Amino acid sequence: MTDDTTENAAPVDFVIIEFPEGQQNFSGEVIDELVRLVDAGTIRLVDAIVLVKDIDGGVDATELSDLEGLGPLEAIAAELAEFLAADDVADLAAAMDPGSVAGVIVYENLWAAPFAAAARRAGGRLIADGRIHSQDIADALEAEAAFEQEAAQREDV
């Protein structure tokens, strides 16, 4: 492989973060963390949209670059590729609960590019990948803590 674009390609992921109705607490912290990841060169933001699903199931999708008042995210939003198509948006919105708001980001894992390039140069090829979602990890840790607390209470009896 001599094509520099191919040689330095990094994996691209997407996440959709839902904020259920009545549980939204937008303080700017999420934006700050996203900007920190981009500024550190950990990720390159490819696309970002905000989805709003009304109680009747209707969905309004807004590209991040079309929003106002983005503050530190404004420069990043101006360079987005608008990667997601209408069908993608519909599929993502189907996972949302009515009355919720969701942020969708598509990002390139820049941190992985050197490793991926080295693996390709060595003749390797990706044959599978996967992810353990952070919510699953948090749920498992909470369940383990609750189990340990119950066990400790039984010992005290």
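Shown above is the structure to which this text applies.
Residues numbered from 1 in each chain as written. Predicted model: local features only at pLDDT ≥ 70, side-chain atom pairs only at ≥ 80, totals over all residues. Heavy atoms only, no water.

Visitor: Any chance you could break down the overall build of the protein for me, citing the residues and the numbers?
Guide: Per the secondary structure count, the protein includes 6 helices and 4 strands. Along the protein, helices (α) and strands (β) appear in the sequence α-β-α-β-β-α-α-β-α-α when read from the amino end. Since a compact globule built from 157 residues should have a radius of gyration of about 15 Å, the 20 Å found for the protein marks it as more spread out than a globular shape. C-alpha extents for the protein along the principal axes are approximately 70 × 45 × 30 Å. Put simply, the protein has 157 residues, and 25% of those count as buried. The contacts of the protein with a sequence gap of at least 6 include a subset with a gap of at least 24, amounting to 78%. Per element, the accessible surface of the protein, about 10900 Å² overall, is 54% carbon and sulfur. Within the protein, the 34 negative side-chain charges are centred at a point lying 12 Å from the centre of the 8 positive side-chain charges. (Helix = DSSP H or I, 4+ residues; strand = E, 2+ residues; numbered from the N terminus. Rg over C-alpha atoms; globule rule 2.2 N^0.38 Å. Buried < 20%, exposed > 50% of the residue type's maximum accessible area, 1.4 Å probe, protein only. Contact = heavy atoms within 4.5 Å. Areas by Shrake-Rupley, 256 points an atom, 1.4 Å probe, with all protein chains shown as cover. Lys, Arg positive; Asp, Glu negative; His and termini not counted. Charge placed at Lys NZ, Arg CZ, Asp CG, Glu CD.)

Visitor: Tell me about helix 5 (residues 113-121), and please be specific about residues and values.
Guide: Those residues of helix 5 not exposed but buried are Ala-113, Ala-116 and Ala-117. Seen from one end, helix 5 has its buried residues packed into an arc of 100°, which puts them on one side. Among the exposed residues of helix 5, those oriented more than 90 degrees off its buried face are Pro-114 and Phe-115. Immediately beyond the C-terminal end of helix 5, within one or two residues, lies Gly-123, with a positive phi of roughly 95°. (Arc of directions from axis to C-beta.)

Visitor: Account for a nonpolar patch on the surface, naming residues and giving values.
Guide: A surface patch of nonpolar side chains, amounting to about 310 Å² of accessible area, comprises Ile-132, Ile-137 and Leu-141. Relative to the elements of secondary structure, Ile-132 occurs in the loop between helix 5 and helix 6 (134-156). (Patch = residues over 30% accessible without salt bridge, like charges linked within 9 Å, V, L, I, M, F, W, Y side chains within 5 Å. Salt bridge = Lys/Arg side-chain N within 4 Å of Asp/Glu carboxyl O.)

Purely spatial values, then, with no claim about function.
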